[in-house]
Amino acid sequence: MSHTPAGRAGFLQHPTSAVVGGLVVLHLLVLVVVVARAGSLAPADADVARANRIATSPAIPYRNFPVEFMPLQTLFDRALGSGDAADAGRRIALVAFLADMAAATALAWGWGRRQSATYLLLGLPLLSFLYLRFDLIAIALAVWSLALLHRRREELGGVALGLAVMAKLWPLVLVPIFVFRRARRGLLVGVAVCLVIGAWWYLTGGPKGPFQVLSFRDTRGWHVESVVGNVLWVLGRGEAYREADAIRIGHATLAVKAILFAGLIACEMWIWRRASRDARDPVGGAALAAVATLVVFSPVFSLQMAAWVLPFAALAFDGDRNERHTAGVATVAVVLTGVVALVWREQASVPAAWVGWLVLARNLVWIDIVVSWLRTPRVPVTTGAPDVPQRRAADTATDGIEAVLPFDAE
């Protein structure tokens, strides 16, 4: 693969304001379409319908009926999900778009315009459904936590990380990055934020909330898009059925879940122990592998979970050749998820059998995100400050996403 000669940098290697603006316009056009078609899209969307039920129910979430979401997402649903489904969908789409732009802004402020542009580009395949989801808010909070840490504002970064964890549990895997940077005050602030919100959660919802979240509302089956559930599905090991607004299969016993949880902990420890002895910035490949690992060992793999890796893939594209390869694998997985969303529009119904094989291909690529990072050689830590990790090579080399494109973008 050839490098772009100096002075002929590709449009994504050193993106201009016009390039970034064009990507923002594409996202904005998707928002306009979603808002315009909310009358038909929102009522058929299980996540919007769930938010609408939570918002319009006179009962208290967690205390009177089970909810599988963290408290800030439930608060979000109650604030925006009222009225009819179409109006709820429009409000959710607008806030999701703003969160999307907030994440892009955090990448630009923390690292640079290239990382922001890469993030906006990578997210395009998922926008057909992502603007009707809550996940972009948690993503924006997680990215801002790392951007603030990167710019040496660790206390504010701790606030953002605490909010991100109480919005979606997955940002908890980013805690080791704070440990590596010796951001003790940031971690203490993050813990304090979690304790305050947790106390409010307990007082308003009762003690059952955390158990409902960890058990996915006490569901018994494997989500058919999960790694385990998809294998059962394509091999015909049981009949798929609808449970908790999703299609599931088989029975996920407590023993099997315990084995998966042990595997998750072991893999996360492996990733972060390896990252602690690696000179590369952990916000890229290490964080990408850690977040992807959560999905590999989860009994659920909803479409929107693919968006969790977007900012870390964008940052990994700014790493060395091996990290760019891992980011390229993540890009393929994201694109395949977008294809799954297009061919399987009714997520609450069982699709054609061939869709299961498409999901299997996506899952195999997703697993390779983790494998591809773990199998690459470590970059030995050299002399210098431990909180100043190595980044990309000279600016004359082709960096970022263009390094894995099959052509030279000019």
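Given the structure is predicted, the values throughout are model-derived calculations rather than measurements. (Residues numbered from 1 in each chain as written. Predicted model: local features only at pLDDT ≥ 70, side-chain atom pairs only at ≥ 80, totals over all residues. Heavy atoms only, no water.)

### Points about a nonpolar patch on the surface
Part 1 of the argument: Side chains of Val 335, Val 339, Leu 342, Val 343 and Trp 354 sit close together on the surface and give an oily, nonpolar patch of about 420 Å² of accessible area.
Part 2 of the argument: In terms of residue count, the dominant contributor to the nonpolar patch is helix H17 (residues 321-343) (4 residues).
Part 3 of the argument: The topology assignment puts Leu 342 in helix H17. (Patch = residues over 30% accessible without salt bridge, like charges linked within 9 Å, V, L, I, M, F, W, Y side chains within 5 Å. Areas by Shrake-Rupley, 256 points an atom, 1.4 Å probe, with all protein chains shown as cover. Salt bridge = Lys/Arg side-chain N within 4 Å of Asp/Glu carboxyl O. Helix = DSSP H or I, 4+ residues; strand = E, 2+ residues; numbered from the N terminus.)

### Quick look at the nonpolar core
Part 1 of the argument: Core analysis: the biggest nonpolar cluster contains 120 residues, and Tyr 119, Tyr 131, Ile 139, Trp 170, Leu 174 and Trp 366 have the highest contact counts within it.
Part 2 of the argument: When residues of this core are assigned to their parent elements, the largest contribution, 12 residues, is made by helix H5 (residues 85-110).
Part 3 of the argument: Beyond its immediate stretch of four places on either side in the chain, Leu 174 contacts Ala 142, Leu 146, Leu 161, Ala 287, Val 291 and Phe 312. (Core = buried A, V, L, I, M, F, W, Y, C linked by side-chain atoms within 4.5 Å. Buried < 20%, exposed > 50% of the residue type's maximum accessible area, 1.4 Å probe, protein only. Contact = heavy atoms within 4.5 Å.)

### Quick word on the pattern of salt bridges
Part 1 of the argument: Following the criterion strictly, the structure yields 21 salt bridges and no others.
Part 2 of the argument: Its salt-bridge partner being Arg 114, residue Asp 318 comes within 2.8 Å of it at the nearest N-O pair. Taken together, the residues span a long stretch of sequence, with Asp 318 in the loop between helix H16 (310-316) and H17 and Arg 114 in helix H6 (residues 113-122) at a distance of 204 residues.
Part 3 of the argument: When its relative accessible area of 2% is taken as the criterion, Asp 318 is described as buried.
Part 4 of the argument: For Arg 114, a relative accessible area of 7% translates into the label buried.
Part 5 of the argument: A single network of salt bridges, built from pairs that share partners, joins Asp 45, Asp 47, Arg 50, Arg 53, Glu 68, Arg 133, Arg 217, Arg 242 and Asp 245.

### Some remarks on the sheet that holds strand S1 (residues 222-223)
Part 1 of the argument: Spatial strand order, S1-S3-S2: 3 strands in an open sheet with antiparallel pairing. For this open sheet the edge positions go to S1 and strand S2 (241-243), each flanked by a neighbour on one side alone.
Part 2 of the argument: Relative to strand S3 (residues 246-249), S1 runs antiparallel, the two being bridged by 2 bridges. Residue Trp 222 lies in a different strand from S3, and its bridge partner there is Ile 249. (Pairing = 2+ DSSP bridges.)

### Describing the environment of Pro 351
Part 1 of the argument: Note on placement: Pro 351 falls in the loop between H17 and helix H18 (353-374).
Part 2 of the argument: A relative accessible area of 18% places Pro 351 in the buried class.
Part 3 of the argument: On a C-alpha basis, the gap between Pro 351 and Ile 247 in space is 9.8 Å, while along the polypeptide they are 104 residues apart.
Part 4 of the argument: Among all residues touching Pro 351, those that are not within four sequence positions of it are Trp 233 and Trp 344.

### As for the packing of aromatic side chains
Part 1 of the argument: Tallied over the entire structure, the rule returns 9 aromatic pairs.
Part 2 of the argument: For the ring pair Tyr 62 and Trp 201, a centre distance of 5.4 Å and an interplane angle of 65 degrees mean the geometry is edge-to-face. In this pair, Tyr 62 is assigned in the loop between helix H3 (46-56) and helix H4 (71-80) and Trp 201 in helix H11 (residues 184-205), connecting sequence segments 139 residues apart. Each member of the pair Tyr 62 and Trp 201 is classed as buried.
Part 3 of the argument: On the numbers, 6.0 Å between centres and 85 degrees between planes, the contact of Phe 97 with Tyr 131 is edge-to-face. Residue Phe 97 is found in helix H5, and its partner Tyr 131 is found in the loop between helix H7 (127-130) and helix H8 (135-150); the two are separated by 34 residues along the sequence.
Part 4 of the argument: Taken together, the ring pairs connect Trp 170, Trp 308 and Phe 312 into an aromatic cluster.
Part 5 of the argument: Taking the ring centre of Trp 373 as reference, the NZ or CZ of Arg 274 above it sits at 4.8 Å.
Part 6 of the argument: Here the basic side chain of Arg 362 rests over the ring of Phe 301, its NZ or CZ set 3.8 Å away from the ring centre. (Phe/Tyr/Trp six-rings, centres within 6.5 Å; stacked < 30°, edge-to-face > 60°. Lys NZ or Arg CZ within 6 Å of the ring centre and 35° of its normal.)

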